[in-house]
Amino acid sequence: MTPELFRELVAEAALSPNVHNIQPTQWRRIDGDTIALIASPGRTLPVGDPTGRDAAASHGAAAEGMILAASLRGIALSLTAPAQGEVARLAVTGSTTADPLAARLTRRRTYRGKFDRRRTDDALAALETFSHPDARLITDRAEIEQIARLTDQATMRAFRNRPYRTELTSWMRLTPRHPRWSVDGLNAQAMAMSTPVAVAAGVVMSHPVFEALDAVKLAAPLTGEAATTNTAAALVALVQDRDAPPFETGRLWHRLWLELTARGLAASPLTILGDDPMAADEMAERLSVPSHRRVVTVLRAGMVDAARLPAPARLSVDELIVP
């Protein structure tokens, strides 16, 4: 693996999904056969992800992205034991054919806007043969509406935690003038907001404005996403054993999302449904999940005009590679 090929692979692996687009993964080329995955210093969410579970899942998704990108070049990469200070190592183990999902790696997009309701039947037809041992497909309209309300309730519980809200907004890029608009975090385009609406959202989320609006019961309707969630053709819940390593969860999460991309669907995560204990318990009950398993996250999925899909905001390859 030449340095030039390594840079190509890093650029494609960087398109993997990650929590709040904080991009916590960096890469080191050990030699022509070995790559190390490194946790980027400071790219964490101490309040929103205190245990580091979501960051670990993001690393797993990035590793899967690297494996997929390499497979397109006929290179087989496998996980090996990491050295001290590394999250994981990937080693060349020979040649391979391209993974069927590899071609979707650079086409996957997170779409947080409203889906095209006129194409719901097309989306459902695309999902007709969808089957995954760790996924639950939800297409019933009444069920989606109930989960949409549950999502907004869980989100409000999180938003009422001021440090959480402050941390979240620190990763928001509300106008194109923000110096990191196209680099990381969630910009207004990624959140499917016009610039004026995004600026207003920033005001609503600020202290003490949010608290004042919440006191008169206006914060929930101003921040809720039920109307958007209800446009989804389907929700896809990722269910795993409670003791599943989050790194492996991230790998599976990425592949599940790419399966939706391969069927022509866009998606966005409702991570709060796995992170909020009350919401996670209710989701487990709704889906009859056994006690040794849990709902990790939920993806809302549907169809949308490709022109509406936002360009990914990503760090440069030079920032992602460490010596």
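Before reading further, recall that the structure is shown in the block above.
Reading guide: rules and limits
Residues numbered from 1 in each chain as written. Predicted model: local features only at pLDDT ≥ 70, side-chain atom pairs only at ≥ 80, totals over all residues. Heavy atoms only, no water. Helix = DSSP H or I, 4+ residues; strand = E, 2+ residues; numbered from the N terminus. Expected span 1.5 Å × (residues − 1). Buried < 20%, exposed > 50% of the residue type's maximum accessible area, 1.4 Å probe, protein only. Polar contact = N/O pair within 3.5 Å; in protein donor to acceptor, adjacent residues only side chain to side chain. Contact = heavy atoms within 4.5 Å. Core = buried A, V, L, I, M, F, W, Y, C linked by side-chain atoms within 4.5 Å. Pairing = 2+ DSSP bridges. Axes fitted to C-alpha atoms, helices over the stretch in contact; angles between N-to-C directions.

S.K.: How should helix α10 (residues 246-262) be read in this particular structure?
M.R.: Residues that lie three or four places apart on an α-helix share one face, since the helix turns once every 3.6 residues. For α10, built from 17 residues, the straight-helix expectation of 24 Å at 1.5 Å per residue is met to within 8% by its first-to-last C-alpha distance of 24 Å. Of all the 17 residues making up α10, 12 are buried; the element is thus mostly covered by neighbouring parts of the structure. Residues Phe247, Thr249, Gly250, Arg251, Leu252, Trp253, His254, Leu256, Trp257, Leu258, Leu260 and Thr261 constitute the buried set of α10. Just downstream of α10, glycine 264 is the residue with a positive phi angle, here 85°.

S.K.: I'm lost on the side chain of glutamate 12 in this one. Help?
M.R.: Inspection of the secondary structure assignment puts glutamate 12 in helix α1 (residues 3-13). Owing to a relative accessible area of 17%, glutamate 12 belongs among the buried residues under this scheme. Of note is the side chain of glutamate 12, whose polar atom sits 2.9 Å from the side chain of arginine 73. Once you skip the residues sitting within four places of it in the chain, glutamate 12 turns out to touch Ala69, Leu72, Arg73, Leu105 and Thr106.

S.K.: I tried to follow the nonpolar core on my own but got confused; where do I start?
M.R.: Nonpolar side chains in soluble globular proteins tend to end up buried together. Ranked by internal contacts, the top residues of the largest apolar core, which has 33 residues, are Ile138, Leu235, Leu273, Met283, Leu287, Val295 and Val298. Looking at this core, the elements with two or more residues in it are α4 (141-159), α5 (162-170), α6 (195-205), α7 (209-215), β8 (234-241), α11 (272-275), α12 (277-286) and β10 (293-302). A per-element tally of this core places α4 first, with 7 residues. Those residues in contact with isoleucine 138 that lie beyond four places of it in its chain are Glu143, Ile144, Ile147, Ala233, Ala234, Leu235, Met283 and Leu287. Core analysis: the next-biggest nonpolar cluster, separate from the first, contains 30 residues, Ala14, Ile35, Ala70 and Leu101 among them.

S.K.: Help me understand the sheet that holds β8, please; the structure alone is not making it clear to me.
M.R.: In a beta sheet, neighbouring strands are held together by backbone hydrogen bonds and run either parallel or antiparallel to one another. In spatial order, the strands read β5-β8-β10-β9; together these 4 strands make up an open sheet with antiparallel pairing. The outermost strands of the open sheet, each flanked by one partner alone, are β5 (135-138) and β9 (266-269). Across this sheet, the average inter-strand angle for adjacent strands is 30°, counted without regard to direction. Sheet analysis places β5 next to β8, joined by 4 bridges and oriented antiparallel. Directly across from leucine 137, in β8, lies its bridge partner valine 236. Docked against the sheet, α10 engages β5, β8, β9 and β10, running at close to 155° with respect to β8.

No statement about biological role is implied by the geometric values presented.
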